[in-house]
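Here is what each chain is made of, one letter per residue.
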Amino acid sequence: MNLLSNEKQVLEWAKANSRLIGFTGSRIEAEYIWNPGGFINQSYRLSDGETVRHLKLAQGERAPRLKQWAMLSEHLTSHYNAPRLIEEVTQEIIPGYSYGLVFDYIKGTPLSSCSNPNAVLEHVLQALNRLHADQELKKGAGAQARSYAETFAEEYIARFEEDLETIRSEKQLLDFVTDDALDWFDSEVKTLNLLVHQQPSFQKQAMDTVHNDLNWQNVLVEENGRFWIIDWDDLSAYGDAAMDNSVFLWPLYRSKDWPYWKERLLELEGRECFDRMELYFRAKLLDDVIDVLADYVEAEKLPEVKQQTQQQAKEIHLRAYPEYLKRYGARRG
């Protein structure tokens, strides 16, 4: 994949469709937005020197998720501070990416980089609580009813298994990961899957409307304190509120502030949701052990961002692996 070539093709498209996306200036530019969390979709910052837009492109198998976002965009913008949709893109701008959306570009700071995230946390948590009970979104969001155990397996177990296949296929790139460690990762994935299917609260039907990827990078905060929730690709009408809450509050888990947020969660979401979060927290930490290794491998295809992606992935893995061992048991084998 050649990002420089992709930027050029996106720029040509933006110039040809400048009025459609609301540009009036002549100094049109297109710049790839690096996503350290993976390369499934591609995003670009478009500008004419005055107006700024965000273009998000999806490959064919991911297009239905963006189409769902487009269909529900007005509701998401008015109720959950999602970026305003400007235009749908139905032509292939770069090879393999057959669909896309153009949004307002949010000039905010990720919550992860805010000096005082506590000022925003409560507001986002309340928005999440409203989202989880939002019946209006169920009318348009495509999803199949399933158990909480099945939603967990779809979100984490299936991804871990796919990641491990990718990792093993290019094991020679990962000189800091041993074969014994990979075997142990396999065993941990099986253990998690077993625990989820044994816990009674996971056997009930999943009925929550969820964002499904609400990490602190996906909450942007402006200088005036207004927050935006971005990346609604994985919105599901029948998911698990425990997933959203565990990802969003992961940076606070076991911190000095955790007792307070634990009580807030119990008030907002109830005991059963909170009980499921313990296994979600465990999976989130294992995700930092395994998924980043797959990102490390996939970065080989993108030389322009290879070094920074692999450096960050390695740092996350080497920090998370010993932490996981400390929390959930000494390594076997």
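Worth saying up front: this structure is predicted, and the values here are computed from it rather than measured.

Caption draft 1: Inspection of the side chain of Thr151 at higher detail. Relative to the assigned elements, Thr151 resides in helix H4 (residues 148-169). Reaching out from Thr151, the side chain makes a polar contact with the backbone oxygen of Tyr148 at a distance of 2.7 Å. In this structure, Thr151 is in contact with Arg146, Ala206, Tyr238, Gly239, Asp240 and Tyr280, ignoring residues within four places of it in sequence.

Caption draft 2: Region of interest: helix H2 (residues 63-80). Counted at 1.5 Å a residue, the expected span for H2 with its 18 residues is 26 Å, but the 22 Å between its end C-alpha atoms falls short. In H2, a bend of some 65° at Leu72 exceeds every other bend along the element. Those residues of H2 that fall on the buried side of the exposure criterion are Ala63, Leu66, Gln68, Trp69, Ala70, Leu72, Ser73, His75, Leu76 and Tyr80. Against the buried residues of H2 lie strand E3 (52-59), strand E4 (85-89), strand E5 (97-104), helix H3 (118-132) and strand E9 (227-229). Note on H2: the residue one or two positions beyond its end, Asn81, has a positive phi of about 55°.

Caption draft 3: Region of interest: the packing of H4 against helix H5 (residues 179-198). Relative orientation of the contacting elements H4 and H5 amounts to 170°, with a least axis distance of 10 Å. Compared by their axis directions, H4 and H5 come out roughly antiparallel. Residue-level inspection shows Ala149, Phe152, Ala153, Ile157, Phe160, Glu161, Leu164, Ile167 and Arg168 of H4 in contact with H5, the latter providing Leu182, Asp183, Phe185, Asp186, Val189, Leu192, Asn193, Val196 and His197. The class makeup of the residues in the contact of H4 with H5 is 12 nonpolar, two polar and four charged.

Caption draft 4: Representation of the environment of Val124 in the model. Topologically, Val124 is positioned in helix H3. Counting along the chain gives 111 residues from Val124 to Leu235, while the straight-line C-alpha distance between them is 16 Å. Aside from chain neighbours lying at most four places away, what touches Val124 is Leu214, Val219, Phe227, Ile229 and Phe248.

Caption draft 5: Just the pairing of strand E1 (residues 29-33), in detail. Residues Ala30 and Tyr32 point to one face of E1 and are all buried, whereas Glu29, Glu31 and Ile33, pointing to the other face, are not buried. Bridge count between E1 and strand E2 (residues 42-47): five bridges; the pairing is antiparallel. Along E2, the bridge assignment pairs Ala30 with Leu46.

Caption draft 6: Main features of the sheet that holds E3. If you trace the five strands from one edge of the open sheet to the other, you get E1-E2-E3-E5-E4, paired in antiparallel fashion. The outermost strands of the open sheet, each flanked by one partner alone, are E1 and E4. Adjacent strand axes in the sheet meet at a mean angle of 20° when their direction is disregarded. Note: E3 against E5, seven bridges, orientation antiparallel. The residue of E5 that forms the bridge with His54 is Phe103.

Caption draft 7: Inspection of the packing of helix H6 (residues 241-249) against helix H7 (residues 258-269) at higher detail. Where H6 meets H7, the axes come as close as 12 Å, and the angle between the chain directions of the two elements is 160°. With respect to H7, the axis of H6 lies roughly antiparallel. Relative to H7, the crossing made by H6 is right-handed. Of the residues in H7, those touching H6 at Ala241, Asn245 and Leu249 are Trp258, Leu265 and Glu269. A per-class count over the contact of H6 with H7 returns four nonpolar, one polar and one charged.

Parameters at a glance
- Residues numbered from 1 in each chain as written.
- Predicted model: local features only at pLDDT ≥ 70, side-chain atom pairs only at ≥ 80, totals over all residues.
- Heavy atoms only, no water.
- Helix = DSSP H or I, 4+ residues; strand = E, 2+ residues; numbered from the N terminus.
- Polar contact = N/O pair within 3.5 Å; in protein donor to acceptor, adjacent residues only side chain to side chain.
- Contact = heavy atoms within 4.5 Å.
- Expected span 1.5 Å × (residues − 1).
- Bend = angle between axes of the 7 residues up to and from the residue.
- Buried < 20%, exposed > 50% of the residue type's maximum accessible area, 1.4 Å probe, protein only.
- Axes fitted to C-alpha atoms, helices over the stretch in contact; angles between N-to-C directions.
- Parallel < 35°, antiparallel > 145°, perpendicular 65-115°, else oblique.
- Nonpolar A, V, L, I, M, F, W, Y, C, P; charged D, E, K, R; others polar.
- Pairing = 2+ DSSP bridges.
- Left-handed = near helix turned anticlockwise from the far one by under 90°.

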